[in-house]
Every structure is written in structure tokens, then in C-alpha cells.
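Spelled out, the chains give:
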Protein chains: 2
Amino acid sequence: MEANASHHLYSIGVDLGGTNTVYALVDTHGNILKCDGFPTATTTVEEWADKLSGGILEMTESIKKDNISGIGIGAPCANAVTGCIEAATDLPWRSPIPLAVMIESRTGMKTVITNDANAAAIGEMAYGAAKGLTNFIVITLGTGVGAGVVVDGHLLTGRSGFAGELGHVTFPFALDRDCACGRKGCLQTVASAKGVVKTARLMMEKTDMNSTLRDLDEKSLTAKAVSEAANAGDELAKAVYDHTGRCLGAAAAEFAAFTDPEAIILFGGVSKAGCLLLEPMKREFDNCALHLYKGRVKFLCSQLKDADAAVLGAASLPMIVS
Amino acid sequence: MEANASHHLYSIGVDLGGTNTVYALVDTHGNILKCDGFPTATTTVEEWADKLSGGILEMTESIKKDNISGIGIGAPCANAVTGCIEAATDLPWRSPIPLAVMIESRTGMKTVITNDANAAAIGEMAYGAAKGLTNFIVITLGTGVGAGVVVDGHLLTGRSGFAGELGHVTFPFALDRDCACGRKGCLQTVASAKGVVKTARLMMEKTDMNSTLRDLDEKSLTAKAVSEAANAGDELAKAVYDHTGRCLGAAAAEFAAFTDPEAIILFGGVSKAGCLLLEPMKREFDNCALHLYKGRVKFLCSQLKDADAAVLGAASLPMIVS
């Protein structure tokens, strides 16, 4: 295995998100050599697989196939054991999807998959904010909300690979919100990109606060627009992120009782709001948590830019299992 | 180490509970050879340490010290790393308590400590309901509520040994109840022995249901009395356990999202109500849980009698680390 691994100079990492699919050619030192992507929404999953496989084959055209260890894909509800996406509520296609086989047959490259949040946690541990940590939780805030949970240096997998679905833990602060999973109260309904927009809408309806967000049409009111307005000093937009951060802090206080983490790391689109989220999150955590954890957890944002952690984490998968 | 371990034929397991302290002489096959105990409540922790150490020395009088690997203690809020009990809210003494050193200096035997619920989980995995399982949660229902969480065959410890404090995860169904930790809404306020009694009191106040429990004075109304009444067909007592079971099921639905367990095992005094708890627990779990976990988790009661799992788990500690 060692001898075999030594001529694997590259691997492909894929981040299949609810909104975008990003894929990259990565070397064994974690450098992203080439990167490309496309919007995830295609009519059929076959169409998506054709697009991704075509892109990967084009990206690796000039490289000897023997030098590539394989393709690693991070995707919502991906089951590392079966190679299938099972019951994903954040993707446009019907589950189950035999993802590993679909890409392997189209590219001729060995393909392994894992939960997108777990891929992010592996990436953060190897190259990012969790370097050197053995007890931490990465919470991914994007189209959906997920988590990769590392305890005592070990990434939790669980019986069927579905450990760490923390976006679907329910909380009193979200009980009036419907989740894509069919239940009410999931963290995801508040802390995802859609959740942030929903909070902004509710605040505009229920308060008289002035806000530049009131001038935006439905399509332009995105989580990104809210964070830009907040960073420009817009009071309502700041209140939206303050609320989101406090909800995340209250949630983190419950999560701490499970794994006694050293750090909680925010990752993904919504986390780009940075200290707009971290500051109220930390305050509410210390307000809510059991005395054993109070003041003892670091709150960080991913130090890897854009989708890098997810792509790097995914890329490390075929190297680990080759 | 192997050669050294081979002449260790025995070890001492101690279960320090909020109500009783139980200690036992255990052989390497997990047989309890001698067992004794006393009520935990003493004026000072030194008095307790004298009592326990005296009992252990008497119990091991006829055994060569070289044949004993040491003493393992399972206790609330015990930190395996420091050997101290830190900030325990269910014990009559002030924390921190340097427990390992106190017993080691009195007995001359190597002493290691761990969280009582973790000791129970180790005991269940080695000898009980979790034999052969690699993903499960043991929830201990006694004076307090704790948990030992095993994921992918590994008992979660966390940064400071405080993983699995699931009795202090808060839930909407308990938000009107004050916890010994100073907060409101902890699972412990409903699912502990005191919680069961509190629920019985509230139901007697708020309903007109006939019940034999109404004839009991304050001291006689215990969780055990409620479960005996329920088993004898008392409608109010049955409703108390139905409520407790449903709360545990709703809690377990949130816990499942963390570790994707194969089984959840109830342990400790309150769990002796057996299917009075398990049946409503399972029903509410399947009602509340995310689709990924629905119908896929087994609910079991400890198969080890009385404090055996805690004592056996504790006894295995000095063998593991010797």
C-alpha cells in the first residue's frame, strides 16, 4: 500500500453543495492546483454526473491516470459505507443516489464519498482552524446546516454514517419554522442561508427599523446581502446576525454537553459574516452553558477560503483509503 | 505490562452515587466476589473516604496486595485526567475533591476514577445489554441523570473528560423546572428519581385521578413507590411513567442526530420501571426523530442487576490502565 501510494501525486476533491458543485485537483501537500465548479441544480442527477465527470476528465487530461489516487466527494447525507446519498432534503434529486458508482463508471477513477460536513471537518483538521485540535465541532452554515464532530481525535461516523446531523437538532427558538425534513424547530431553519433571509423578512414585517434591505426585491434579499448590509452598519441587518449568532450560541451550549469540545468552528457561506455571528454566539453560549463548559470553548471561523476546506477534506479521502 | 497484569487476579470497583456508595471485589472475568455499601451522605468527604477505605481494606484483608490491580471509582463529574471530582451538583460535599489521591493514600492501592455514567457504559459493553455493540448511549437515571456515549467502539471523553453530560441538555418539556446546576429545563429535572416524584406531585395537584399515591406521606412518595403503583395498575402512576418515557423519547430523538446510535440503554434506579418507560419512549422517539433514525434505534434496559454495571465498569478501569 505504501509503495502504491507513493506514485499517487494527486487526487480530486468534490464539494457537492445544495447550491454549487466545486471540484479541484489537489496535490498530496494540500495545494489546490486547479479548481472549477457549476450550479448544482440540473434536471436529473445523471445530467449532473455527466457534467462533473466531463469536468474532471478535462481537468486531468494532461496527468497520467496512475498518478491520481481517486475522487473524493463530500455531499449532504452521503453514506461512506454504501457509497450512496440517502434521503437528502437539500438536493434537487430523489434519493437514494448511487453516487460513487455513477462517477466511477463515468471517469474510470476510484470514487469515495462522505458527508459534506465531515469532509469540511477533515479539511479543517488537516489544513485549517482545527489544526492540532482533537476535540472540536465544525458547523457548516450554507444551503443546509450540517456538522462534523471530532472527539478525542476521532471523526464521529455512527452506525450508518449519520452522526453529526446537528442542523436537524430542534430548539425552542425555531419551533415556529418548518424544515425541509418535514419537522419543525431544526437549527437549520434559523442558521442556514434561507434561515437568515427568513429572519430578515420577519424583522422587516414586525419592526419599523429603517434598513437598506427594504429596498431589495425578493430575489436580491440573500444571506450575503444581509451580511453586506450588516458590515455597512445597517441596524436591522446587524440585528438579524445578532439573532442568528445568539441562536447558534444557545445550540452550541447543548452540543457542548455531548462532546466537551475545545472549539466550535463555523464554516460555509453564512459564516462569512464572521464576528457578526461569533460575538453574540460566544456571549449566548456563556449565558446558557452548564458551568463545566462556560468560558472554556473557543469560537472560530474557518481559516480556509471559500469551499477550500470541503474540497481539501474530500480530496484527502481517496488518499486515506487507497 | 502483560507480565505484570498476569498476577493481578482482582480489582475493586466503586460506584459513588448521589444516594448510595457501593463497592465490590471483582475478578478478571467480571465476577463480583464480595459486595458492600453505605449511604453516601456523610458530614465531610474525609469521613466518606475513611468509611470507604476502611471497608475496602476489610474486604481485601485475606488477599495479597500484589494480586489486586487497584481501585476504580465511578463518580458524578469525576475527571479521569486530574483524578478529581469537579463541580458535582449531586453530591453532599464541596468540589473540587481530589478523590483518587484521598483513597490511594488511605488504602495504599492505585486508584483511578471516571464519570459514573461512563463506568456504567463500560460495564454494559463488557458484560451487559451493549455486548457486541459499537454505537450506543447508556442513559443513567438515578439521583441525577448522566450518560456514557460510545461511538464507533470508542467511549467519548472530550477535552476535559466531560463528554456525555446529557442530563444537562435542556428541553422545552422541562423549562418550568429548576435544576440543581442552577439552570432550567435540564433532562435531569424530569427523568431523575426526583423528577419522577415531581411529575407525580404535579399530576396529583392538577388532576382528579384516583391514585394510591395520594395516601403516601411526603417521605414515602419515591420514584420506586410510583413505579410499584404503576406496575400494580394505578392509572396516575402509569401516566407519570408514560410522561417520563415520552420526555426521554423526545430527548433521545435529539441525541440520535449527534451519534447515530444503534441502541439507547436505560440504566439505574428509575429505569427499573422497564417497559413502563421503554414503550412510550420508543413511540415518542419514532414520532420526533429525523427520518434517518426513525424505527432504527433499539431501546433497552440494563441487563445487569442493581449497581453491577457501574461497579463492574469501575472495576475494569485499574485493569485497563495497569
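Residues numbered from 1 in each chain as written. Chains lettered and ligands numbered in written order. Predicted model: local features only at pLDDT ≥ 70, side-chain atom pairs only at ≥ 80, totals over all residues. Heavy atoms only, no water.

(A) Structural context of the overall build of chain A. When helices and strands are tallied, chain A shows ten helices and twelve strands. Since a compact globule built from 322 residues should have a radius of gyration of about 20 Å, the 20 Å found for chain A is in line with a globular shape. Principal-axis analysis of the C-alpha atoms places the extent of chain A at approximately 60 × 45 × 35 Å. Burial analysis of chain A (322 residues in total) assigns 58% to the buried set. The centroid of the 28 positive side-chain charges in chain A is displaced by 2 Å from the centroid of its 36 negative side-chain charges. (Helix = DSSP H or I, 4+ residues; strand = E, 2+ residues; numbered from the N terminus. Rg over C-alpha atoms; globule rule 2.2 N^0.38 Å. Buried < 20%, exposed > 50% of the residue type's maximum accessible area, 1.4 Å probe, protein only. Lys, Arg positive; Asp, Glu negative; His and termini not counted. Charge placed at Lys NZ, Arg CZ, Asp CG, Glu CD.)

(B) The arrangement of the sheet that holds strand β1 (residues 10–16) of chain A in detail. Residue and element names in this part refer to chain A. As summarised here, the arrangement of the five strands in space is β3-β2-β1-β4-β7, forming an open sheet in which the pairing is mixed. Single-partner strands in this sheet number two, and they are β3 (32–39) and β7 (111–115). Across this sheet, the average inter-strand angle for adjacent strands is 20°, counted without regard to direction. Judged from the five bridges that link them, strand β4 (residues 68–75) and β7 form a sheet pairing that is parallel. Within β7, the position partnered with alanine 75 by the bridge is asparagine 115. The sheet contacts of helix α2 (residues 45–59) involve β1, β2 (20–27), β3 and β4, and relative to β2 the element is tilted by about 25°. Taken strand by strand, helix α3 (residues 99–107) contacts β1, β4 and β7, and its axis lies near 150° from that of β7. (Pairing = 2+ DSSP bridges. Axes fitted to C-alpha atoms, helices over the stretch in contact; angles between N-to-C directions. Contact = heavy atoms within 4.5 Å.)

(C) The arrangement of the interface of chain B and chain A in detail. Contact residues are listed per partner, giving 44 residues for chain B and 44 residues for chain A. In this assembly, chain B packs against chain A so that about 3600 Å² is buried in total across both faces, 58% of it on carbon and sulfur atoms. For the pair chain B and chain A, the interface holds zero salt bridges. Summed over the shared surface of chain B and chain A, the number is 30 residue pairs in polar contact (both at pLDDT 80 or more). Counting only elements with at least two residues in the side of chain B that touches chain A, the list comes to β9 (145–151), β10 (154–155) and α8 (235–259) of chain B. A per-element tally of the side of chain B that touches chain A places α8 of chain B first, with five residues. Each residue belonging to the side of chain B that touches chain A can be placed in one class, and the counts come to 23 nonpolar, twelve polar and nine charged. (Buried area = accessible area lost by both parts, 1.4 Å probe. Salt bridge = Lys/Arg side-chain N within 4 Å of Asp/Glu carboxyl O. Polar contact = N/O pair within 3.5 Å; in protein donor to acceptor, adjacent residues only side chain to side chain. Nonpolar A, V, L, I, M, F, W, Y, C, P; charged D, E, K, R; others polar.)

(D) Inspection of the pattern of salt bridges at higher detail. All chains considered together, the criterion is met by 16 salt bridges over all chains. Aspartate 242 of chain A is the partner of arginine 246 of chain A in a salt bridge, and the nearest nitrogen-oxygen pair spans 3.0 Å. Here arginine 246 of chain A pairs with aspartate 242 of chain A, and both are found in helix α8 (residues 235–259), just four residues apart, close to one helical turn. A salt bridge links lysine 238 of chain B to glutamate 235 of chain B, with the shortest nitrogen-to-oxygen separation between them at 3.6 Å. Linking lysine 238 of chain B with glutamate 235 of chain B, this pair stays in helix α8, spanning three residues, or about one helical turn. Residue class for lysine 238 of chain B comes out partly exposed when judged on its relative accessible area of 33%. For glutamate 235 of chain B, a relative accessible area of 48% gives the class partly exposed. Here the salt bridges do not stand alone but share partners, grouping Asp242, Arg246, Glu279 and Arg283 of chain A into one network.

(E) Spatial organisation of the environment of tyrosine 241 of chain B. Residue and element names in this part refer to chain B. Tracing the backbone through its elements, the reader meets tyrosine 241 in helix α8. Note on tyrosine 241: relative accessible area 1%, which makes it buried. Spatially, the C-alpha atom of tyrosine 241 lies 37 Å from that of glycine 55, the residues being 186 residues apart in sequence. The contact partners of tyrosine 241, leaving out residues within four places of it in the chain, are Val196, Ala223, Val226, Ser227, Ala230, Val270, Ala273, Leu276, Leu277 and Pro280.

(F) Layout of the side chain of glutamate 165 of chain A. Considering the arrangement of structural elements, one finds glutamate 165 of chain A in the loop between β10 (154–155) and α5 (188–191). In this structure, glutamate 165 of chain A is buried with no salt-bridge partner, the nearest side chain bearing the opposite charge being arginine 183 of chain A at 8.7 Å. Aside from chain neighbours lying at most four places away, what touches glutamate 165 of chain A is Cys77 and Asn115 of chain A together with Ala257, Leu290, Leu292 and Tyr293 of chain B.

(G) Geometry of the pairing of strand β12 (residues 298–301) of chain A. All names here are of chain A. Side-chain alternation along β12 places Phe299 and Cys301 on a buried face and Lys298 and Leu300 on a face that remains uncovered. Bridging between strand β11 (residues 263–267) and β12 involves four bridges; their strand directions are parallel. By the bridge assignment, isoleucine 264 is partnered in β12 with phenylalanine 299. In this fold, β11 hands off to helix α9 (residues 275–288), which returns the chain to β12; that crossover is right-handed. (Right-handed = clockwise from strand over helix to strand, strands pointing away.)

(H) Broad picture of the packing of aromatic side chains. A complete count under the given rule lists 13 aromatic pairs over all chains for this structure. Relative to phenylalanine 255 of chain B, the ring of phenylalanine 258 of chain A has its centre 5.6 Å away and its plane inclined at 70°; by these criteria the two rings are edge-to-face. Placement of phenylalanine 258 of chain A in helix α8 and of phenylalanine 255 of chain B in helix α8 is noted, with the two residues assigned to different chains. For the residue pair phenylalanine 258 of chain A and phenylalanine 255 of chain B, the accessibility class agrees, reading buried in each case. (Phe/Tyr/Trp six-rings, centres within 6.5 Å; stacked < 30°, edge-to-face > 60°.)

(I) Main features of the nonpolar core. The biggest cluster of nonpolar side chains holds 173 residues, and the ones touching the most others in it are Tyr241 and Phe255 of chain A together with Phe255 of chain B. Excluding anything up to four places from it in sequence, phenylalanine 255 of chain B contacts Phe258 of chain A together with Ile137, Ile139, Leu166, Val169, Phe171 and Leu187 of chain B. (Core = buried A, V, L, I, M, F, W, Y, C linked by side-chain atoms within 4.5 Å.)

(J) Structural context of the sheet that holds β11 of chain A. Residues and elements named next belong to chain A. The strand order across the open sheet built from five strands is β10-β9-β8-β11-β12, with neighbouring strands paired in mixed fashion. Of all the strands in the sheet, just β10 and β12 have a single pairing partner and so form its edges. Two elements, strand β8 (residues 136–141) and strand β9 (residues 145–151), share six bridges in a ladder whose sense is antiparallel. Note on β9: the bridge partner recorded for isoleucine 137 is valine 149. Seen against the sheet, α8 touches β8, β9, β11 and β12 and runs at an angle of roughly 145° to β8.

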